[in-house]
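Structure assessment
So the chains spell out like this:
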Amino acid sequence: MGCLKPFCTINRETDEPMTNKSPAFKRILLKLSGEALMGEGDYGIDPEVISRMAGEIREVADMGVQVGMVIGGGNIFRGAGLAQSGIDRVTGDHMGMLATVMNSLAMQDALERQGVKARVMSALVVHQVCEDYIRRRAIRHLEKGRVVICAAGTGNPFFTTDSAASLRAIEIGADILIKATKVDGVYSADPVSNPDAVRYERLGFDEVIEKRLQVMDATAFIMCRDHGMPLRIFNIHNSGDLVRLVQGEPVGTVVE
């Protein structure tokens with residue numbers, strides 16, 4: 001039995017339509033930190049964590065939402081941290097970019113084990129393991145229902161994966177940039193060290209600048225502001241929040 005409504009969810013086992021809410025977005029860019037993949041570990045990738053995340057992304061894709069992703073590399077290498085230890089900054093950043101390729105390949109594998117078609121597209125040339133990032137090709141993959149994982153940042157040193165996520169979201173025409181973090185939104189102060197910190201449900205771009213809130217790095221944030229790309233910040237470790245967010249529920253903090 002087919003699905004007659006746009007963006008309805010299909011049960012992969014029975015091929016029957018499911019009666020979930022329709023999504024609020026047609027195309028999203030999801031930014032994951034490399035640290036999110038570690039789980040409770042100090043390094044690397046926790047198989048259970050990446051499998052759970054892949055399951056939630058599958059649910060979103062099953063709703064008909066086109067999903068682009070950018071994953072950081074901080075669970076393996078971080079360029080700025082390597083530079084502090086004495087490694088040349090450009091060399092360190094290239095090592096960090098390669099770490100994001102490793103994480104992207106791991107996510108591709110986790111998604112494919114969930115039955116989701118995925119493509120890794122790298123800003124660095126690594127033909128043996130993934131495709132080059134080409135904007136038009138990425139959009140074509142999205143239109144065919146494939147999850148597109150954009151690896152290797154922007155391909156340039158001195159730019160963070162936040163900047164890469166902002167750039168890719170704008171390039172592919174995403175409806176929203178979703179940043180997955182360890183906290184459930186943007187707070188007036190660090191909620192871990194300050195129990196009186198207030199969580200914001202909605203902020204304006206200028207308000208974030210005035211209050212000096214740490215939403216993303218400055219380059220990434222200004223790109224989103226100048227191109228009218230709304231941001232949503234939420235806690236990736238709250239199971240089900242990504243699906244609820246995509247369905248339009250007030251999860252996390254929105255900046256627009």
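Structure report, in brief. All of these numbers come straight from a predicted model, not from anything done at the bench. (Residues numbered from 1 in each chain as written. Predicted model: local features only at pLDDT ≥ 70, side-chain atom pairs only at ≥ 80, totals over all residues. Heavy atoms only, no water.)

Overview of the sheet that holds strand β13 (residues 253–255)
Across a sheet, paired strands are connected by hydrogen bonds in the backbone, their directions being either parallel or antiparallel. Pairing is mixed across the open sheet formed by nine strands, whose spatial order is β6-β5-β7-β4-β3-β8-β12-β13-β11. With partners counted over all chains shown, the strands left at the sheet margins are β6 (131–132) and β11 (202–203), one partner each. Sheet topology note: the β11/β13 ladder contains two bridges and is parallel. Counted as the bridge partner of Arg-202 is Val-254 from β13. (Pairing = 2+ DSSP bridges. Helix = DSSP H or I, 4+ residues; strand = E, 2+ residues; numbered from the N terminus.)

Side note on the packing of helix α5 (residues 161–171) against helix α7 (residues 218–226)
Running from N to C, α5 and α7 point in directions that differ by 20 degrees, and their axes come no closer than 7 Å. Compared by their axis directions, α5 and α7 come out roughly parallel. Crossing of α5 against α7: the hand is left-handed. The residues of α7 that touch α5, namely those facing Asp-162, Ser-163, Ser-166, Leu-167 and Ile-170, are Thr-219, Ala-220, Met-223 and Cys-224. The class makeup of the residues in the contact of α5 with α7 is five nonpolar, three polar and one charged. (Axes fitted to C-alpha atoms, helices over the stretch in contact; angles between N-to-C directions. Parallel < 35°, antiparallel > 145°, perpendicular 65-115°, else oblique. Left-handed = near helix turned anticlockwise from the far one by under 90°. Contact = heavy atoms within 4.5 Å. Nonpolar A, V, L, I, M, F, W, Y, C, P; charged D, E, K, R; others polar.)

Description of α5
Among the eleven residues in α5, eight count as buried, and that is most of the element. Of all the residues in α5, the buried ones are Thr-161, Asp-162, Ser-163, Ala-164, Ala-165, Ser-166, Arg-168 and Ala-169. On its buried face, α5 is in contact with β3 (27–32), β4 (66–71), α3 (89–113), β7 (147–151), β8 (176–181) and α7. A side-chain oxygen of the first residue of α5 lies 3.2 Å from the backbone nitrogen of Asp-162; this N-cap is Thr-160. Backbone geometry just downstream of α5 places Gly-173 in the positive-phi region, at approximately 70 degrees. (Buried < 20%, exposed > 50% of the residue type's maximum accessible area, 1.4 Å probe, protein only. Polar contact = N/O pair within 3.5 Å; in protein donor to acceptor, adjacent residues only side chain to side chain.)

Observations regarding the pattern of salt bridges
Across all of its chains, the model carries 13 salt bridges by this definition. Close ionic contact of Glu-131 with Arg-119 constitutes a salt bridge, the shortest N to O distance being 3.8 Å. Of this pair, Glu-131 sits in strand β6 while Arg-119 is found in strand β5 (residues 118–122), placing the two residues twelve residues apart along the sequence. Owing to a relative accessible area of 25%, Arg-119 belongs among the partly exposed residues under this scheme. For Glu-131, the salt bridge goes to Arg-137, with nearest N and O atoms at 3.8 Å. Several salt bridges converge on common partners, so that one network encompasses Lys-31, Asp-162 and Lys-179. (Salt bridge = Lys/Arg side-chain N within 4 Å of Asp/Glu carboxyl O.)

Some thoughts on the packing of aromatic side chains
How two aromatic rings sit relative to each other is given by the distance of their centres and the angle of their planes. Going through the model one piece at a time under the given rule, you end up with one aromatic pair. The ring of Tyr-133 has Arg-168 lying over it, and the distance from NZ or CZ to the ring centre is 3.8 Å. (Phe/Tyr/Trp six-rings, centres within 6.5 Å; stacked < 30°, edge-to-face > 60°. Lys NZ or Arg CZ within 6 Å of the ring centre and 35° of its normal.)

Some remarks on the pairing of β3
Counting buried positions along β3 yields six of six residues, so the element is predominantly enclosed. What you see with β3 is no split at all: Arg-27, Leu-29 and Lys-31 on one side and Ile-28, Leu-30 and Leu-32 on the other are buried throughout. Both β3 and β4 contribute to a ladder of six bridges, which runs parallel. The residue of β4 that forms the bridge with Arg-27 is Gln-66.

Quick look at the environment of Ile-233
The topology assignment puts Ile-233 in strand β12 (residues 231–235). Assessed through its relative accessible area of 4%, Ile-233 is described here as buried. Along the sequence, Ile-233 and Val-254 sit 21 residues apart, while their C-alpha atoms lie 6.5 Å from each other.

Digging into the packing of helix α1 (residues 47–62) against α3
As a packed pair, α1 and α3 sit with axes 9 Å apart at the nearest point and diverge in direction by 60 degrees. Taken as axis vectors, α1 and α3 run oblique relative to one another. Regarding α1 and α3, the two cross each other, and that crossing is right-handed. Residues Ile-50, Met-53, Ala-54 and Ile-57 of α1 touch α3, and the partners they reach there are Ala-106, Met-107, Ala-110 and Leu-111.

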